[in-house]
Amino acid sequence: MPSRTSLGVSYDRSAPRRPVNLSLNTDLLAQVREVTPNLSATVETLLGDYLQYARQQREDEQRKLDGVIDAVNDLHARHGFLSDEFSTL
(Lines give C-alpha, C1' and ligand atoms only; values in the text may rest on other atoms or scores of the structure.)
Protein backbone atom coordinates (compact mmCIF):
# COMPACT_ATOMS: atom_id res chain seq x y z
CA MET A 1 0.00 0.00 0.00
CA PRO A 2 1.58 3.32 -1.08
CA SER A 3 2.31 5.86 1.61
CA ARG A 4 3.63 9.40 1.52
CA THR A 5 6.26 11.04 3.66
CA SER A 6 5.72 14.51 5.05
CA LEU A 7 7.26 15.98 1.87
CA GLY A 8 5.21 13.84 -0.47
CA VAL A 9 7.49 10.99 -1.54
CA SER A 10 5.39 7.97 -2.33
CA TYR A 11 6.69 4.49 -1.61
CA ASP A 12 5.28 1.03 -1.00
CA ARG A 13 5.08 0.51 2.76
CA SER A 14 4.27 -3.16 2.22
CA ALA A 15 7.55 -3.79 0.38
CA PRO A 16 9.76 -6.28 2.19
CA ARG A 17 11.96 -4.84 4.90
CA ARG A 18 15.68 -5.46 4.85
CA PRO A 19 18.13 -5.12 7.71
CA VAL A 20 21.02 -2.71 7.10
CA ASN A 21 24.08 -1.71 9.07
CA LEU A 22 24.37 1.92 10.10
CA SER A 23 27.05 3.59 12.15
CA LEU A 24 25.48 6.31 14.26
CA ASN A 25 26.78 8.62 16.92
CA THR A 26 25.93 6.93 20.23
CA ASP A 27 24.88 10.14 21.96
CA LEU A 28 22.60 11.09 19.09
CA LEU A 29 21.12 7.59 19.00
CA ALA A 30 20.42 7.64 22.74
CA GLN A 31 18.66 11.00 22.48
CA VAL A 32 16.58 9.89 19.49
CA ARG A 33 15.51 6.70 21.24
CA GLU A 34 14.13 8.88 24.06
CA VAL A 35 11.73 10.62 21.67
CA THR A 36 10.72 7.93 19.19
CA PRO A 37 9.42 4.45 19.94
CA ASN A 38 10.17 3.21 16.41
CA LEU A 39 13.60 4.20 15.12
CA SER A 40 13.15 2.30 11.84
CA ALA A 41 9.93 4.13 10.96
CA THR A 42 11.51 7.46 11.86
CA VAL A 43 14.54 6.76 9.67
CA GLU A 44 12.30 5.65 6.77
CA THR A 45 10.34 8.90 6.99
CA LEU A 46 13.51 10.98 7.15
CA LEU A 47 15.01 9.10 4.19
CA GLY A 48 11.83 9.65 2.19
CA ASP A 49 11.94 13.36 2.99
CA TYR A 50 15.60 13.52 1.99
CA LEU A 51 14.86 11.71 -1.26
CA GLN A 52 12.13 14.23 -2.13
CA TYR A 53 14.46 17.12 -1.27
CA ALA A 54 17.30 15.68 -3.37
CA ARG A 55 14.99 15.08 -6.35
CA GLN A 56 13.63 18.62 -6.09
CA GLN A 57 17.16 20.04 -5.96
CA ARG A 58 18.11 18.03 -9.06
CA GLU A 59 15.00 19.24 -10.92
CA ASP A 60 15.69 22.86 -9.91
CA GLU A 61 19.28 22.59 -11.09
CA GLN A 62 18.17 21.09 -14.40
CA ARG A 63 15.64 23.92 -14.87
CA LYS A 64 18.42 26.47 -14.27
CA LEU A 65 20.70 24.73 -16.77
CA ASP A 66 17.89 24.57 -19.32
CA GLY A 67 17.38 28.31 -18.85
CA VAL A 68 21.06 29.02 -19.48
CA ILE A 69 21.07 26.82 -22.58
CA ASP A 70 17.95 28.57 -23.90
CA ALA A 71 19.54 31.99 -23.26
CA VAL A 72 22.76 31.03 -25.08
CA ASN A 73 20.77 29.59 -27.99
CA ASP A 74 18.69 32.79 -28.17
CA LEU A 75 21.82 34.92 -28.08
CA HIS A 76 23.34 32.86 -30.87
CA ALA A 77 20.16 33.07 -32.97
CA ARG A 78 20.04 36.86 -32.63
CA HIS A 79 23.72 37.75 -32.84
CA GLY A 80 25.70 34.65 -33.75
CA PHE A 81 28.99 33.85 -32.10
CA LEU A 82 32.22 35.66 -32.76
CA SER A 83 33.75 32.34 -33.74
CA ASP A 84 31.13 31.76 -36.49
CA GLU A 85 33.12 33.82 -38.99
CA PHE A 86 36.14 31.53 -38.47
CA SER A 87 34.26 28.24 -38.79
CA THR A 88 35.73 25.73 -41.22
CA LEU A 89 32.47 23.82 -41.53
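As the structure is a computational prediction, the values presented were derived from the model and not from experiment. (Residues numbered from 1 in each chain as written. Predicted model: local features only at pLDDT ≥ 70, side-chain atom pairs only at ≥ 80, totals over all residues. Heavy atoms only, no water.)

1. Here we look at the overall build of the protein chain
To keep things clear, this is the line we draw: Under the DSSP-based scheme used, a helix requires at least four consecutive residues in state H or I and a strand at least two consecutive residues in state E, with every element numbered from the N terminus. Exposure is judged per residue with a 1.4 Å probe applied to protein chains only, and the accessible area is read against the type maximum: over 50% gives exposed, under 20% gives buried, and values in between give partly exposed. Between two residues, a contact is recorded if the distance between any of their heavy atoms is within 4.5 Å. Per-residue and other accessible areas were derived by the Shrake-Rupley procedure at a 1.4 Å probe size, with only the shown protein chains allowed to occlude residues.
When helices and strands are tallied, the protein chain shows 2 helices and 2 strands. Each of the 89 residues in the protein chain was classed as buried or not, and the buried ones make up 7%. Taking the contacts inside the protein chain whose residues are at least 6 apart along the sequence as the reference set, 38% of them involve residues at least 24 apart. A total accessible area of about 8000 Å² is found for the protein chain, and carbon and sulfur atoms account for 57% of it.

2. A closer look at the environment of V32
Mapped onto the elements of the fold, V32 is located in helix α1 (residues 26-35). Put simply, V32 and T42 are 10 residues apart on the chain and 9.5 Å apart in space, counted from C-alpha to C-alpha.

3. A look at the pattern of salt bridges
What counts, and what does not: A carboxyl oxygen of Asp or Glu within 4 Å of a side-chain nitrogen of Lys or Arg is what we treat as a salt bridge.
Scanning the entire structure with this criterion turns up 4 salt bridges. In this structure, the salt-bridge partner of R13 is E44, at a minimum N-O distance of 4.0 Å. You can see R13 sitting in the loop between β2 (10-12) and α1 and its partner E44 sitting in helix α2 (residues 39-79), a full 31 residues away along the chain. One salt bridge connects R78 with D74, and the closest N-O pair in it is separated by 2.9 Å. Note that R78 and D74 are positioned in helix α2 at a spacing of 4 residues, about one turn of the helix.

4. Structural notes on α1
Quick reminder of the rule: We call two N or O atoms a polar contact when they sit within 3.5 Å, provided that within protein one can donate a hydrogen and the other can accept it, with sequence-adjacent residues counted only if both atoms are side-chain atoms.
Taking burial as the measure, the 10 residues of α1 include 0 buried ones, a minor fraction of the element. Between a side-chain oxygen at the N-terminus of α1 and the backbone nitrogen of D27 the separation is 2.9 Å; the capping residue is N25.

5. Focus: α2
Residue pairs three or four apart in sequence face the same way in an α-helix, which turns once every 3.6 residues. To keep it simple, the criterion reads: For a helix, the expected span equals 1.5 Å multiplied by the residue count minus one.
With 41 residues, α2 should reach 60 Å at 1.5 Å per residue; the first-to-last C-alpha distance of 59 Å fits that figure. Of all the residues in α2, the buried ones are L39, G48 and D49. Where α2 begins, the capping side chain belongs to N38, and its oxygen is found 3.3 Å from the backbone nitrogen of S40. Looking one or two residues past α2, G80 carries a phi angle of roughly 70 degrees, positive in sign.

6. Digging into the side chain of T36
Mapped onto the secondary structure, T36 falls in the loop between α1 and α2. Among the polar contacts made by the side chain of T36, one reaches the side chain of T42 at a distance of 2.7 Å.

7. So, a nonpolar patch on the surface
Applied cut-off: Each patch is built from salt-bridge-free residues with over 30% relative accessible area, joining like charges within 9 Å and nonpolar side chains (Val, Leu, Ile, Met, Phe, Trp, Tyr) within 5 Å.
Where nonpolar side chains cluster on the molecular surface, the patch consists of V68, V72, L75 and F81 and spans about 320 Å² of accessible area. Looking at where V68 falls in the secondary structure, it is placed in helix α2.

8. Description of the environment of T36
Judged by its relative accessible area of 15%, T36 falls in the buried class. Here the side chain of T36 touches N38 through a polar contact of 3.4 Å, landing on its backbone nitrogen.

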